Amino acid sequence: MLLICMLLVAGVVIFFGGSDRLEGPAGPIEDRALNRAAPSSEVAARRDDEVASSLRPMSISPQLIEVPKPELAGQFLRIWRVSGSNICAALREAGIEMSEWKAASMRNRNYECYFQRIYERDEARPLSSTFLKVRGNEMGDIVEIRARIIGPTTDDEGRLAPAILRMFEIIVKQACWRDFEDSLTPIQNLRNVEEERFGAYLSFMREADGGNNFDFVLGLKATSASQVRTKTYFSPERWLTGTDRRNVSGLTDRSSTSMSANCAN
């Protein structure tokens with residue numbers, strides 16, 4: 001009986017000792033597998049968060065879509081630096097009897113001021129006259145300036161009379177386009193001159209019939225693709241849709257009461 005009991009005890013000891021050896025290595029293996037799985041899931045979660053964040057709508061700073069300031073337009077393209085009403089007033093101050101800046105006719109959004117003087121005429125037509133018109137819109141923007149002189153008065157050397165030349169001098173000065181000032185010399189000498197410089201043009205030409213009649217034109221003309229794109233960018237119609245433009249200052253300073261253009265800038 002004693003022998004049998006000892007054998008049973010030895011068998012129990014051997015059985016439980018073997019089970020510990022079998023289970024011991026398995027535990028660390030499973031723990032290592034779990035430890036490796038945990039970081040992998042964390043990396044996958046971070047990647048999911050990064051993808052989700054990249055798909056979220058980005059907020060755009062208002063500075064990136066800020067409406068361009070009209071007063072900066074003159075640094076990038078040719079503009080009129082004086083309003084139609086102001087240039088008409090400047091001509092009146094110089095003794096040229098320009099009309100007031102007003103609508104060309106009833107229900108017409110085109111505005112203008114003009115001067116016309118007939119010095120001599122026969123039964124059919126004027127023999128000597130001067131005509132000047134500044135044309136624009138209700139906001140004061142100038143579209144074009146035109147003049148026509150028929151049989152102009154000249155001095156002994158054939159140069160244009162100072163009273164009429166003064167008209168062209170004021171126009172060029174008020175426009176503040178100094179690159180056109182050299183055109184006053186051929187105008188004074190009644191020679192043809194035609195210039196187009198960076199978005200503007202000036203023409204003083206004798207009429208084709210060879211008479212003593214001359215036509216003058218000064219206006220804007222954006223010809224190159226870059227000028228057209230720049231003009232479109234600064235256009236109030238592009239940025240102020242649905243806004244009453246009469247309450248918004250345009251490309252010229254219409255609030256100024258000065259009669260002379262400021263060409264300092």
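Since the model is a prediction, treat every value here as computed from it, not as a measurement.

Draft legend 1. Broad picture of the sheet that holds strand β4 (residues 142–150). Reading across the sheet, the 7 strands line up as β1-β2-β3-β4-β7-β6-β5 and stay open at both edges, with antiparallel pairing between neighbours. With one partner strand each, in any of the chains shown, β1 (102–103) and β5 (193–197) form the two edges of the open sheet. Pairing between strand β3 (residues 126–137) and β4: 8 bridges, direction antiparallel. Bridge pairing in β4 links Leu132 to Ala147.

Draft legend 2. Up close: the pairing of β3. Relative to β3, strand β2 (residues 110–121) runs antiparallel, the two being bridged by 11 bridges. Across the sheet, Arg117 pairs through a bridge with Thr130, a residue of β3. Linking β2 back to β3 in an antiparallel pair, the connection comprises 4 residues. Where β3 folds back onto β4 in an antiparallel hairpin, the turn is made up of 4 residues, including Gly140, whose phi is positive at roughly 95°.

Draft legend 3. Examining unusual backbone geometry more closely. For Leu190, which is not glycine, the phi dihedral falls at a positive 55°. Mapped onto the secondary structure, Leu190 falls in the loop between α4 (184–188) and β5. When its relative accessible area of 12% is taken as the criterion, Leu190 is described as buried. The phi angle at Phe198 is positive, at roughly 40°, despite the residue not being glycine. Here Phe198 is to be found in the loop between β5 and β6 (200–206).

Draft legend 4. Representation of the environment of Arg146 in the model. Counting through the fold element by element, Arg146 comes out in strand β4. Apart from residues lying up to four places away in sequence, Arg146 is in contact with Phe131, Leu132, Lys133, Phe216 and Val217. A distance of 2.8 Å separates the side chain of Arg146 from the side chain of Glu144, its partner in a polar contact.

Draft legend 5. Inspection of the environment of Arg78 at higher detail. Structurally, the position occupied by Arg78 is in the loop between α1 (2–55) and α2 (84–93). By relative accessible area, Arg78 is classed as buried at 14%. Distance from Arg78 to Arg197, taken between C-alpha atoms, is 9.4 Å for residues 119 residues apart in sequence. The contact partners of Arg78, leaving out residues within four places of it in the chain, are Trp177, Asp179, Phe180, Arg197, Phe198, Gly199, Ala200 and Leu220. Of the polar contacts made by the side chain of Arg78, one reaches the backbone oxygen of Arg197; its length is 2.6 Å.

Draft legend 6. The confidence of the model for the protein, seen in detail. Residue-level pLDDT values for the protein average 77, and 68% of them are 70 or greater. Here residues 241–259 is modelled with pLDDT under 50, and outside its nearest four sequence neighbours on either side it reaches 32 contacts, counting other chains as well.

Draft legend 7. A look at the packing of aromatic side chains. Under the defined criterion, the tally for this structure stands at 6 aromatic pairs. Taking the centre distance of 5.8 Å and the plane angle of 80° together, the rings of Phe168 and Phe204 count as edge-to-face. Taken together, the residues Phe168 in helix α3 (residues 162–175) and Phe204 in strand β6 connect sequence positions 36 residues apart. Phe204 sits in the buried class, given a relative accessible area of 0%. Three or more aromatic residues joined by ring pairs make a cluster, and in this case those are Phe168, Phe204, Phe214 and Phe216. Sitting above the plane of the Trp177 ring, Arg78 keeps its charged end 5.3 Å from the centroid.

Criteria and thresholds
- Residues numbered from 1 in each chain as written.
- Predicted model: local features only at pLDDT ≥ 70, side-chain atom pairs only at ≥ 80, totals over all residues.
- Heavy atoms only, no water.
- Pairing = 2+ DSSP bridges.
- Helix = DSSP H or I, 4+ residues; strand = E, 2+ residues; numbered from the N terminus.
- Buried < 20%, exposed > 50% of the residue type's maximum accessible area, 1.4 Å probe, protein only.
- Contact = heavy atoms within 4.5 Å.
- Polar contact = N/O pair within 3.5 Å; in protein donor to acceptor, adjacent residues only side chain to side chain.
- pLDDT = per-residue confidence, 0-100.
- Phe/Tyr/Trp six-rings, centres within 6.5 Å; stacked < 30°, edge-to-face > 60°.
- Lys NZ or Arg CZ within 6 Å of the ring centre and 35° of its normal.

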